[in-house]
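# Examination of the molecular architecture
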Amino acid sequence: MPYRIDDSIISNFLTTHTRPIRLSSLPQDPSSQHCPICHLPYAPQDPSYVHPLHPPDTPEYPVQVRCRGPCKHVFGRICIERHMRGGQPWSHTCPICRAEWFPAPNAGRREVLAATEIALDALARIDAADVEVRAEVERVEEALRRIREVLYGSRWI
Ligand SMILES: [Zn+2]
Ligand SMILES: [Zn+2]
């Protein structure tokens, strides 16, 4: 699974960048009283509870994302962990606002980078006589080079 996020990153995120939130501090409208992932109501939870070392039968309680980015969304504790363990290209992002909670896993980045290099190599071998075709190929090459720059850039490390 190229997008699998390391256990250490997941448990660090849950410990450092989410915090349990009291049901009474959630907005009182019915949609805020439900987990937006599973749509089930939250169970009350002891605020002194230390996660993520909870027993597997712990009822779903709300946690709020607290990272440097813009996302402050609230999810069920079990559902947010399941979301991050999903091994999808979006598993490191918020399911609601799509903000990145942390950089994409390295394995996923390496896979995209490898595919970008293959595409650039293939384009370099195209020997187009047609001026319009050549211009198209150059545009695609330019887009791929920008993708490569982003993948090598500090944002993804
Ligand atoms: Zn849920
Ligand atoms: Zn969010």
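The paragraphs below set out a description of the structure included in this document. Worth saying up front: this structure is predicted, and the values here are computed from it rather than measured.

### Focus on the packing of aromatic side chains
Across all of its chains, the model carries 3 aromatic pairs by this definition. Both rings, one in phenylalanine 75 and one in tryptophan 101, keep their centres 6.1 Å apart while their planes meet at 70 degrees; by these two values the pair is edge-to-face. Of this pair, phenylalanine 75 sits in strand β3 (residues 74-76) while tryptophan 101 sits in the loop between α2 (77-84) and α3 (106-125), and the two are 26 residues apart along the sequence. We classify phenylalanine 75 as buried; its relative accessible area is 0%. In this structure an aromatic cluster arises from ring pairing among Phe13, Phe75, Trp101 and Phe102.

### Observations regarding the nonpolar core
By size, the foremost hydrophobic cluster in this structure holds 16 residues, and its most contacted members are Phe13, Val65, Ile80, Met84 and Trp101. Of all elements in the fold, only α1 (7-16), β2 (62-65) and α2 reach the threshold of two or more residues within this core. The greatest single-element share of this core, amounting to 3 residues, is contributed by α1. The contacts of methionine 84, once residues within four sequence positions are left out, are Ile5, Ile10, Phe13, Leu14, Ser91, Trp101 and Phe102. Counting residues in each nonpolar core, the second largest holds 6 residues, with Ile21, Leu26, Val74 and Cys79 among its members.

### Points about the coordination of the zinc ion (ligand 2)
Here the zinc ion (ligand 2) is held by Cys71 (SG), His73 (ND1), Cys94 (SG) and Cys97 (SG), and the distances to it run 2.0 to 2.4 Å. In this structure, the zinc ion (ligand 2) is surrounded by 4 donor atoms whose angles at the metal cover 105 to 114 degrees, and the resulting shape is tetrahedral. Donor residues for the zinc ion (ligand 2) sit on one chain with the sequence pattern C-x1-H-x20-C-x2-C.

### Observations concerning the pairing of β2
Taking every second residue as pointing to the same face, both faces of β2 are buried, with Pro62 and Gln64 on one and Val63 and Val65 on the other. In terms of strand pairing, strand β1 (residues 18-20) meets β2 through 3 bridges, oriented antiparallel. Its bridge partner being in β2, arginine 19 is matched across the sheet by glutamine 64. When β2 meets β3, the two strands line up antiparallel, connected through 3 bridges. Residue pairing for β3: valine 63 is matched across the bridge by phenylalanine 75.

Cut-offs and rules
- Residues numbered from 1 in each chain as written.
- Chains lettered and ligands numbered in written order.
- Predicted model: local features only at pLDDT ≥ 70, side-chain atom pairs only at ≥ 80, totals over all residues.
- Heavy atoms only, no water.
- Phe/Tyr/Trp six-rings, centres within 6.5 Å; stacked < 30°, edge-to-face > 60°.
- Helix = DSSP H or I, 4+ residues; strand = E, 2+ residues; numbered from the N terminus.
- Buried < 20%, exposed > 50% of the residue type's maximum accessible area, 1.4 Å probe, protein only.
- Core = buried A, V, L, I, M, F, W, Y, C linked by side-chain atoms within 4.5 Å.
- Contact = heavy atoms within 4.5 Å.
- Donors = N, O, S within 2.8 Å, 3.2 Å for Na, K, Ca; no water.
- Tetrahedral: all angles 85-135°; square planar, octahedral: opposite > 155°, others 65-115°.
- Pairing = 2+ DSSP bridges.

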